Amino acid sequence: MKPPRKLHIKSYGCQMNVYDAQRMVDALAGEGFVETAHADVADLVILNTCHIREKASEKVYSELGRLRAAKQEAARNGREMKIAVAGCVAQAEGEEIIRRAPVVDVVVGPQSYHHLPQLLQRATHEGRAIETEFPAEDKFVYLPQPKPDAIRARGISAFVTVQEGCDKFCTFCVVPYTRGTEVSRPVARIVDDVKRLADNGVREITVIGQNVNAYHGEGVDGRSWTLGRLLHRLAEVPGIVRPRYSTSHPSDVDETLIAAHRDLPVLMPFVHLPVQSGSDRILAAMNRKHTVHDYRNVIDRFRAVRQDIAFSSDFIVGFPGETEEDFSATLALVAQIGYAAAYSFKYSPRPGTPAAEIRETVSATDMDERLARLQELIDSQQTAINRAAIGSTIDVLFERAARNAGQIVGRTAYLQPAHVMAPPDIIGQVLPVRIDSLERYSLLGELAPSASAHFSRPESSQITIGA
Ligand code: SF4
């Protein structure tokens, strides 16, 4: 029997990439590959790239520089190492990668992962292989299902892609170009995936998509189902105690999604709802297709049906043309909403996007200063929510052993990490925890007889907007 070949995947960026990395592992398991945490000993290294963050392609090329040395060392030891570039940078700049980086054997776009075994064979016979087309077939139909032991090894929380691509064309974003138009998977296939996960110990699923609430997959009745309807169905799968979804667009929040939060106690009351800016002028320049008023309205609709709901968001600071007045409007919106968490970044242009053509840029100093003020405000809100948990008893889904001996770590409904001293057999269970203290962003406590309501939204009056 041939010894297994070693596969190392380095994944960047969003949860879609985390999920895709797992599916690539599944696709290559049939070819005799097993995962390794060390690139140096791998027979195949895949860089699963992200195009969203700043200087994405430069980071890929500098990583490829490091891998070239590892590949040369492997060759000196009589071993072949193949290198593949996957993900959104591969999709956007595939030909350029092939031209600039001779060390790369395979370039594969996100819609073609099911072709990885064939691409590796082609690279062996022809030297190199590239596939960045959007194939006619659905990759999910062809990707092999994960084996039960692989599911168990990945833990009690899993992502399931239900939707890919985006039709929104925000002017700063590459996703519509790298992931294509919105496509939704049929309900029956998603339910099968979730059942398989639940049968193998998964307790929490996050259904994901670039624009997940634009979901419009074929339902079991042959009609188009919304995300709200899909969530109702997934909440019925035995073993799934915490369904979640991400990432949502404010304009696609429909009444079925609001109703799901009203009617499904297991649906976690924590919604990632990016807004990007609190200025209508900038939202229009970003082509976000909603105003600040629309966004507040959506938040109010969620809060009307679920008092304990919390929100996280994404913000871009220093979008071309953003004035101090625009930025103050963003701070005002953050102060008004009160976020449990948020991701904020300085604007950086993505080649090929309309915003990259705008000449009216914001200085680096202004961007740094605005980002610091925004992050200070968001941090104060997150800390206020975490502090409010002290003294209350909260349901925690336990995930794994913590680094500190004897501790088990889990997450609250709002994804706050919570640590207790307990035996490992609580992993996979939702148990009440009495919160005693806060250490940075982690809650510390002990198992308690029963949970009490704890969520406390920071009031705008408690928050100081930066200077
Ligand atoms: S909604 Fe906008 S930011 Fe989100 S994936 Fe689509 S184009 Fe990109």
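Residues numbered from 1 in each chain as written. Predicted model: local features only at pLDDT ≥ 70, side-chain atom pairs only at ≥ 80, totals over all residues. Heavy atoms only, no water.

Visitor: Kindly report on the overall build of the chain, identifying the contributing residues and their values.
Guide: A tally of helices and strands in the chain yields 14 helices and 19 strands. Against the compact-globule benchmark of 23 Å for 467 residues, the chain has a radius of gyration of 23 Å, which places it among compact chains. Principal-axis analysis of the C-alpha atoms gives the chain an extent of 65 × 60 × 50 Å. By the burial criterion, 55% of the 467 residues in the chain qualify as buried. Looking at the chain as shown, the accessible area adds up to about 20600 Å², and 51% of this sits on carbon and sulfur atoms. (Helix = DSSP H or I, 4+ residues; strand = E, 2+ residues; numbered from the N terminus. Rg over C-alpha atoms; globule rule 2.2 N^0.38 Å. Buried < 20%, exposed > 50% of the residue type's maximum accessible area, 1.4 Å probe, protein only. Areas by Shrake-Rupley, 256 points an atom, 1.4 Å probe, with all protein chains shown as cover.)

Visitor: Would you mind going over the nonpolar core in detail, with residue names and values included?
Guide: Counting 53 residues, the largest nonpolar core has Ile 205, Val 207, Leu 227, Tyr 245, Leu 273 and Phe 302 as its most contacted members. Per element, the largest residue contribution to this core is six residues, and it comes from helix H8 (residues 187-199). Excluding residues within four positions of it along the chain, Val 207 makes contact with Val 160, Val 162, Val 212, Leu 227, Leu 231, Leu 234, Arg 244, Tyr 245 and Ser 246. (Core = buried A, V, L, I, M, F, W, Y, C linked by side-chain atoms within 4.5 Å. Contact = heavy atoms within 4.5 Å.)

Visitor: Can you explain the environment of Tyr 339? Please cite residues and give values.
Guide: Tracing the backbone through its elements, the reader meets Tyr 339 in the loop between helix H13 (324-337) and strand S14 (341-346). Under the relative-accessibility criterion, Tyr 339 is labelled buried at 0%. Sequence-distant contacts of Tyr 339, that is, excluding residues within four places in its chain, are made with Val 275, Tyr 295, Phe 311, Ser 312, Ser 313, Phe 315, Val 334, Gln 381, Gln 382 and Ile 385. A distance of 2.9 Å separates a polar atom in the side chain of Tyr 339 from a polar atom in the side chain of Tyr 295. (Polar contact = N/O pair within 3.5 Å; in protein donor to acceptor, adjacent residues only side chain to side chain.)

Visitor: So, the site of the ligand: which residues are in play, and what are the values?
Guide: Close to the ligand lie Cys 166, Lys 168, Phe 169, Cys 170, Phe 172, Cys 173, Val 175, Pro 176, His 249 and Arg 288. Taken together, the residues of the shell around the ligand break down into seven nonpolar, one polar and two charged. (Near = heavy atom within 4 Å. Nonpolar A, V, L, I, M, F, W, Y, C, P; charged D, E, K, R; others polar.)

Visitor: A description of the pattern of salt bridges should follow, citing residues and the corresponding values.
Guide: Between side chains of opposite charge, pairing is possible as soon as their charged atoms come close. Applying the stated criterion to the full structure yields 29 salt bridges. Across the pair Arg 411 and Glu 399 runs a salt bridge, and its minimum N-O distance is 3.7 Å. Of this pair, Arg 411 sits in strand S16 (residues 407-411) while Glu 399 sits in strand S15 (residues 393-401), placing them twelve residues apart in sequence. Judged by relative accessible area, Glu 399 falls into the buried class, the value being 19%. A cluster of three or more residues bridged by salt bridges with shared partners is formed by Glu 322, Glu 324, Glu 369, Arg 370 and Arg 373. (Salt bridge = Lys/Arg side-chain N within 4 Å of Asp/Glu carboxyl O.)

Visitor: Let's hear about helix H3 (residues 87-100): which residues, and what values?
Guide: Because each turn of an α-helix spans 3.6 residues, side chains separated by three or four positions in sequence point in the same direction. Its axis deflected by about 90° at Glu 93, H3 carries its strongest bend there. Every buried residue of H3 is listed here: Gly 87, Cys 88, Val 89, Ala 90, Gln 91, Glu 93, Gly 94, Ile 97 and Ile 98. On its buried face, H3 is in contact with strand S3 (44-49), helix H2 (56-76), strand S4 (82-86), strand S5 (106-108), strand S6 (129-131) and helix H7 (175-178). (Bend = angle between axes of the 7 residues up to and from the residue.)

Visitor: Talk me through unusual backbone geometry; I want residue IDs and the actual numbers.
Guide: Of note, the amide linkage connecting Ser 246 to Thr 247 takes the cis form, showing an omega dihedral of 0°. For Gln 276, which is not a glycine, the phi torsion comes out positive at approximately 75°. Here Gln 276 shows up in the loop between strand S12 (270-272) and helix H11 (280-285). Given the relative accessible area of 7%, Gln 276 is considered buried.

Visitor: Describe the packing of H13 against helix H14 (residues 364-389), with residues and values.
Guide: Interhelical geometry of H13 versus H14 gives an angle of 5° and a closest axis separation of 10 Å. Between H13 and H14, the angle falls in the class roughly parallel. Only Arg 370, Arg 373, Leu 374, Leu 377, Ile 378 and Gln 381 of H14 make contact with H13, whose side of the interface consists of Glu 324, Phe 327, Thr 330, Leu 331, Val 334 and Ala 335. For the contact of H13 with H14, the per-class residue count stands at seven nonpolar, two polar and three charged. (Axes fitted to C-alpha atoms, helices over the stretch in contact; angles between N-to-C directions. Parallel < 35°, antiparallel > 145°, perpendicular 65-115°, else oblique.)

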